[in-house]
Amino acid sequence: MRIPFLHSRSRDYSLEPLAGKDADAVALIHHEDFVRPWSGGEFADLLSQNTVFGYAAREVGRGKAPPVGFVLARLVAGEGEILTVAVARTHRRQGLGWRLMDAVLRELHGQRADALFLEVDEMNVAAIALYRRLGFIQVGKRPGYYKTGDAGTSSALVMRRDLR
């Protein structure tokens, strides 16, 4: 099911379920921001699992163009987890991150999940602000979790949103 929405910057987007055919395209988006990006094969393997689901954002009117953003999540034993979320740099600040996360929250609500967890790099100020606006609170920290481009590390903040 495609869910269209409009944005004031004259770009229109729709959300649709993420599929295995999108694996290579989302790997390219993932590569823009992660020191250790996932491959198309890794995305395809995850998408083949029955506990994993996701959504792709596509620009309306671009035919079969690849996604410009995506979110990948998992639901196990009543708890959801955001595995990864990314928006192509050329499509940021359009509200796509919010809409992708909202789609996951709606899916988990429909599945009667209890909570949603995620990990975010403590240096990713924009993502942390988004997650807080969506009602997530920090419940933990994993020191040295992420590798940075300069061979250093940064910590992951563990965040949770109760869904019930």
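Our structure's up above, just so we're on the same page.
As the structure is a computational prediction, the values presented were derived from the model and not from experiment. (Residues numbered from 1 in each chain as written. Predicted model: local features only at pLDDT ≥ 70, side-chain atom pairs only at ≥ 80, totals over all residues. Heavy atoms only, no water.)

Asker: It is not clear to me how the overall build of the protein should be interpreted in this structure. Could you clarify?
Answerer: Along the backbone of the protein there are four helices and eight strands. Put simply, the protein runs from its N terminus to its C terminus through helices and strands in the order β-β-α-α-β-β-β-α-β-α-β-β. For the protein, the spread of C-alpha atoms along the three principal axes comes to 45 × 40 × 35 Å. By residue count, 44% of the 164 residues in the protein fall in the buried class. Sequence-distant contacts, at least 24 apart, represent 58% of the contacts inside the protein between residues at least 6 apart. (Helix = DSSP H or I, 4+ residues; strand = E, 2+ residues; numbered from the N terminus. Buried < 20%, exposed > 50% of the residue type's maximum accessible area, 1.4 Å probe, protein only. Contact = heavy atoms within 4.5 Å.)

Asker: What should I look at first to understand the packing of aromatic side chains in this one?
Answerer: Aromatic rings considered in pairs are described by the distance between their centres and by the relative angle of their planes. Per the stated rule, a full pass over the model turns up five aromatic pairs. Aromatic side chains Y131 and F136 sit 5.9 Å apart centroid to centroid with 65° between the ring planes, which places their arrangement in the edge-to-face category. Assessed through its relative accessible area of 6%, Y131 is described here as buried. With a centroid separation of 5.0 Å and 85° between ring planes, the pair formed by Y145 and Y146 is classed as edge-to-face. Following the ring pairs from residue to residue traces out a cluster consisting of W38, F43 and F70. (Phe/Tyr/Trp six-rings, centres within 6.5 Å; stacked < 30°, edge-to-face > 60°.)

Asker: Help me understand the packing of helix α3 (residues 96-110) against helix α4 (residues 125-133), please; the structure alone is not making it clear to me.
Answerer: When two helices pack together, you describe them by how their axes are tilted relative to each other and by the distance separating the axes. One can describe the packing of α3 onto α4 by two numbers: an axis separation of 11 Å at closest approach and a directional angle of 45°. Classified by the angle their axes make, α3 and α4 are oblique. As for the relative orientation of α3 and α4, their crossing is right-handed in sense. Each of G97, W98 and M101 in α3 lies in contact with α4, whose residues at this interface are L130, Y131 and R133. For the contact of α3 with α4, the residue count by class is four nonpolar, one polar and one charged. (Axes fitted to C-alpha atoms, helices over the stretch in contact; angles between N-to-C directions. Parallel < 35°, antiparallel > 145°, perpendicular 65-115°, else oblique. Left-handed = near helix turned anticlockwise from the far one by under 90°. Nonpolar A, V, L, I, M, F, W, Y, C, P; charged D, E, K, R; others polar.)

Asker: Help me understand the side chain of R58, please; the structure alone is not making it clear to me.
Answerer: One can find R58 in strand β3 (residues 52-59). Here D22 takes part through its side chain, which lies 2.5 Å from a polar atom of the side chain of R58. (Polar contact = N/O pair within 3.5 Å; in protein donor to acceptor, adjacent residues only side chain to side chain.)

Asker: How should I be thinking about the environment of S39 in this particular structure?
Answerer: Checked against the element boundaries, S39 lands in the loop between α1 (23-31) and α2 (40-47). According to the relative accessible area criterion, S39 is partly exposed, its value standing at 34%. Placed 28 residues apart in sequence, S39 and P67 show a C-alpha to C-alpha distance of 16 Å.

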